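# Inside the fold
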Amino acid sequence: MIVTLIVLCEAGFWVLLAVGLALRYAAHRPRAGAAVLLCEPLLEVVLLVASAIDLRGGAEPDWKHGVAAVYIGFTVGLGPSTVRWVDARVAHRFAGGPEPVKPPVYGRARAVREWRTAGRWTVAAVIALALLQAAAWYVGDDGDTGSLRMWQQRMLWVIGVNLLIAGSYTLFPKKEPARPREDERAYRQGPGAAGE
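Read on for a plain summary of the structure. Here the structure is a predicted model, which is why all the values come from computation and not from measurement.

Reading guide: rules and limits
Residues numbered from 1 in each chain as written. Predicted model: local features only at pLDDT ≥ 70, side-chain atom pairs only at ≥ 80, totals over all residues. Heavy atoms only, no water. Helix = DSSP H or I, 4+ residues; strand = E, 2+ residues; numbered from the N terminus. Rg over C-alpha atoms; globule rule 2.2 N^0.38 Å. Buried < 20%, exposed > 50% of the residue type's maximum accessible area, 1.4 Å probe, protein only. Contact = heavy atoms within 4.5 Å. Areas by Shrake-Rupley, 256 points an atom, 1.4 Å probe, with all protein chains shown as cover. Lys, Arg positive; Asp, Glu negative; His and termini not counted. Charge placed at Lys NZ, Arg CZ, Asp CG, Glu CD. 1 Å grid on protein atoms, 1.4 Å probe; cavity = no way out; pocket = protein on both sides within 12 Å on 5 of 7 lines; lining within 4 Å. Points joined across faces, edges and corners; volume = space filled by probe spheres on them. Nonpolar A, V, L, I, M, F, W, Y, C, P; charged D, E, K, R; others polar. Axes fitted to C-alpha atoms, helices over the stretch in contact; angles between N-to-C directions. Parallel < 35°, antiparallel > 145°, perpendicular 65-115°, else oblique.

### Details of the overall build of the chain
When helices and strands are counted, the chain shows seven helices and zero strands. Against the globule reference of 16 Å for 196 residues, the chain gives a C-alpha radius of gyration of 24 Å, more extended than a compact globule. In terms of its C-alpha atoms, the chain occupies a principal-axis envelope of roughly 85 × 45 × 20 Å. Taken across its 196 residues, the chain has 34% of its residues classed as buried. Considering only intrachain contacts with a sequence separation of at least 6, the fraction spanning at least 24 residues in the chain is 72%. Carbon and sulfur atoms make up 65% of the accessible area of the chain, which totals about 12,600 Å². The chain carries 22 positive and 17 negative side-chain charges, and their two centres are separated by 8 Å.

Here it is in structure tokens:
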């Protein structure tokens, strides 16, 4: 049941996103579109309640409950930025909105972007960690919480890897390739390139 709910919640996320954006841009009903988009967190509530009921009913915590907690954490931590990303592209493509800003590639701006990304992944992982811990407490000392602890270790790895990536862009910023000077460009292109 939990795996089916996870799949349905993921499908529901994208369906609600599509319906919300269609209402906003195709039907020109931005308030109705926003209302549909605001329903997305209800999917996570349904999954959380279903997981709690399953554990309350005597189910042994296993990988499915871990995946449910991780899914909820990642949807909460990464869902809003995903919605903004898709919204900007749909607005540009179908509603005459501005072209989405390309993310920075070099220097300090890239490092700041990587720290923001790491922040979102960290929030997602911390929420998953908290839900996994709550499930372990809910089951108590009598239950087997090994699979929940395994998922907690994975979330710590997610945090560590993201912090490592962001830190690497801070310590070793990617430098923009040097642009050749005008005289060098004219020399490389041959006679007549510089108006000769």
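### Side note on the layout of surface pockets
Remark: the empty space left among the atoms is shown by a probe the size of a water molecule rolled over them. Looking at the largest pocket, its volume works out to about 630 Å³. Taken together, 18 residues make up the lining of the largest pocket; nearest its centre are Ser81, Trp85, Pro103, Arg113 and Arg120. Listed by contribution, the elements that provide at least two residues to the lining of the largest pocket are helix H4 (63-94) and helix H5 (107-139). Per-element accounting of the lining of the largest pocket gives the leading share, seven residues, to H4. Here the residues of the lining of the largest pocket sort into nine nonpolar, three polar and six charged.

### Topic: the packing of helix H3 (residues 40-56) against H4
Where H3 contacts H4, the two axes come as close as 10 Å, and the packing angle between them is 170°. Comparing the axis directions of H3 and H4 gives the class roughly antiparallel. Facing Glu40, Glu44, Leu47, Leu48, Ser51, Asp54 and Leu55 of H3, the residues of H4 in contact are His65, Ala68, Tyr71, Ile72, Thr75 and Val83. Of the residues assigned to the contact of H3 with H4, the class counts are seven nonpolar, three polar and three charged.

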